[in-house]
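Notes for the structure review
The primary structure of each chain is shown beneath.
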Amino acid sequence: MSMLGVVVTAVWAMLPAYVPNNVAVLVGGGKPIDGGQTLGGRRVLGDGKTRRGTVVGTAAGLALALLLSDITPAMSSLVGHQLPTFPPVAGLGLAFGAMLGDIAASFLKRRTGRERGAAFPGLDQLDFVVGALACVWVLAPGWTEMTFTTPVLVVVLVLTPLLHVLTNVAAYAGGLKDEPW
Ligand code: CTP
Ligand code: MG
């Protein structure tokens, strides 16, 4: 596979994982997942992880995966490279896994004494990638191994933190997010 093919595949295959947390920022609010419960004197997850954000974010990622599958032939010929389609279970794994990774990160942030919104460099940028890849691998192992070859995986791990920083700074500048991370 050409270098361009690797990069295009990496971004394409991760799109359903990039969208959920950004949608959650837009629709978040309402009941927190942890119901306000604490663990060791600190919130289990905090008010930043809500049911509505998680459900709507996951649904948006899945919907995007199904939409991308419909336009795969057109996009493939446009970029001159055969892109993968998304079986629904793979779309669900990428979308829900991205949200789960972010939720797990909040759990770790609270356990390490970080308040809601505090930065945790490294974790903030990779939590959702690791969550998405782990979850899609469990739900659709064959598809995951076929799609995320080693070169594609390397590009995902290098490119995603960069894209994450860019989108969060943009969301902060646009007044959508309280912090630029
Ligand atoms: N959000 C949500 N549900 C999620 C994830 C995010 O509702 N599962 C919404 C919340 O309104 C949250 C915002 O998106 O405040 C920004 O998300 P994030 O930066 O992940 O949360 P923080 O508020 O910074 O909280 P934390 O410190 O736990 O990451
Ligand atoms: Mg945050």
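So, here's what we can say about the structure.

What counts, and at which threshold
Residues numbered from 1 in each chain as written. Chains lettered and ligands numbered in written order. Predicted model: local features only at pLDDT ≥ 70, side-chain atom pairs only at ≥ 80, totals over all residues. Heavy atoms only, no water. Helix = DSSP H or I, 4+ residues; strand = E, 2+ residues; numbered from the N terminus. Rg over C-alpha atoms; globule rule 2.2 N^0.38 Å. Buried < 20%, exposed > 50% of the residue type's maximum accessible area, 1.4 Å probe, protein only. Contact = heavy atoms within 4.5 Å. Areas by Shrake-Rupley, 256 points an atom, 1.4 Å probe, with all protein chains shown as cover. Near = heavy atom within 4 Å. Polar contact = N/O pair within 3.5 Å; in protein donor to acceptor, adjacent residues only side chain to side chain. Nonpolar A, V, L, I, M, F, W, Y, C, P; charged D, E, K, R; others polar. Core = buried A, V, L, I, M, F, W, Y, C linked by side-chain atoms within 4.5 Å. Phe/Tyr/Trp six-rings, centres within 6.5 Å; stacked < 30°, edge-to-face > 60°.

1. Quick look at the overall build of the protein
- Each helix and strand in the protein was counted, giving seven helices and two strands.
- Walking the protein from its N terminus toward its C terminus, one meets helices and strands in the order α-β-β-α-α-α-α-α-α.
- What you see for the protein is a C-alpha radius of gyration of 17 Å, in line with the 16 Å of a compact globule of 181 residues.
- The dimensions of the protein, computed from C-alpha atoms along their principal axes, are 55 × 30 × 30 Å.
- With 181 residues in all, the protein has 41% of them scored as buried.
- Sequence-distant contacts, at least 24 apart, represent 71% of the contacts inside the protein between residues at least 6 apart.
- Of the roughly 9,100 Å² of accessible surface on the protein, 70% is carried by carbon and sulfur atoms.

2. Notes on the site of ligand 1
- Among the 18 residues in the neighbourhood of ligand 1, the closest are listed as Lys-49, Thr-50, Ser-106, Arg-116 and Gly-117.
- In this structure, an oxygen atom belonging to ligand 1 sits 3.1 Å away from a side-chain N or O atom of Lys-109.
- At a separation of 2.7 Å, an oxygen atom of ligand 1 approaches a polar backbone atom of Gly-117.
- With the chains in place, 90% of the 570 Å² that ligand 1 exposes on its own is no longer accessible.
- By residue class, the composition of the shell around ligand 1 is three nonpolar, eight polar and seven charged.

3. Focus: the nonpolar core
- Judged by nonpolar contacts, the single largest core of 25 residues is most densely connected at Met-14, Phe-86, Leu-94, Trp-143, Phe-148 and Val-156.
- Looking at this core, the elements that each hand over two or more residues are helix H1 (3-27), helix H2 (51-70), helix H4 (88-111), helix H5 (123-139) and helix H7 (150-173).
- Considering each element in turn, this core owes the most residues, seven residues, to H1.
- When residues no more than four places from it in sequence are discounted, the contact partners of Phe-148 are Ala-13, Met-14, Leu-94, Leu-133, Trp-143, Leu-153 and Val-156.

4. Brief notes about the environment of Gly-57
- With respect to the helices and strands, the residue Gly-57 is situated in helix H2.
- Using a relative accessible area of 0% as the deciding quantity, one classes Gly-57 as buried.
- Measuring from C-alpha to C-alpha, the distance between Gly-57 and Val-23 comes to 5.2 Å, with 34 residues separating the pair along the chain.
- Excluding its chain neighbours within four sequence positions, the residues that come into contact with Gly-57 are Pro-20, Val-23, Arg-52 and Met-99.

5. Concerning the packing of aromatic side chains
- Summed over all chains, the structure comprises four aromatic pairs.
- Here Trp-12 and Phe-86 contribute two aromatic rings whose centre-to-centre distance is 6.2 Å and whose plane-to-plane angle is 35°, an arrangement assigned as tilted. Linking Trp-12 in helix H1 with Phe-86 in the loop between helix H3 (72-79) and H4, this pair joins segments that are 74 residues apart in sequence.
- You can call Phe-86 buried: its relative accessible area is 4%.

6. A closer look at the environment of Gly-41
- For Gly-41, the position within the fold is in the loop between strand S1 (38-39) and strand S2 (42-43).
- Gly-41 gets classed as exposed once you look at its relative accessible area, which sits at 70%.

No statement about biological role is implied by the geometric values presented.
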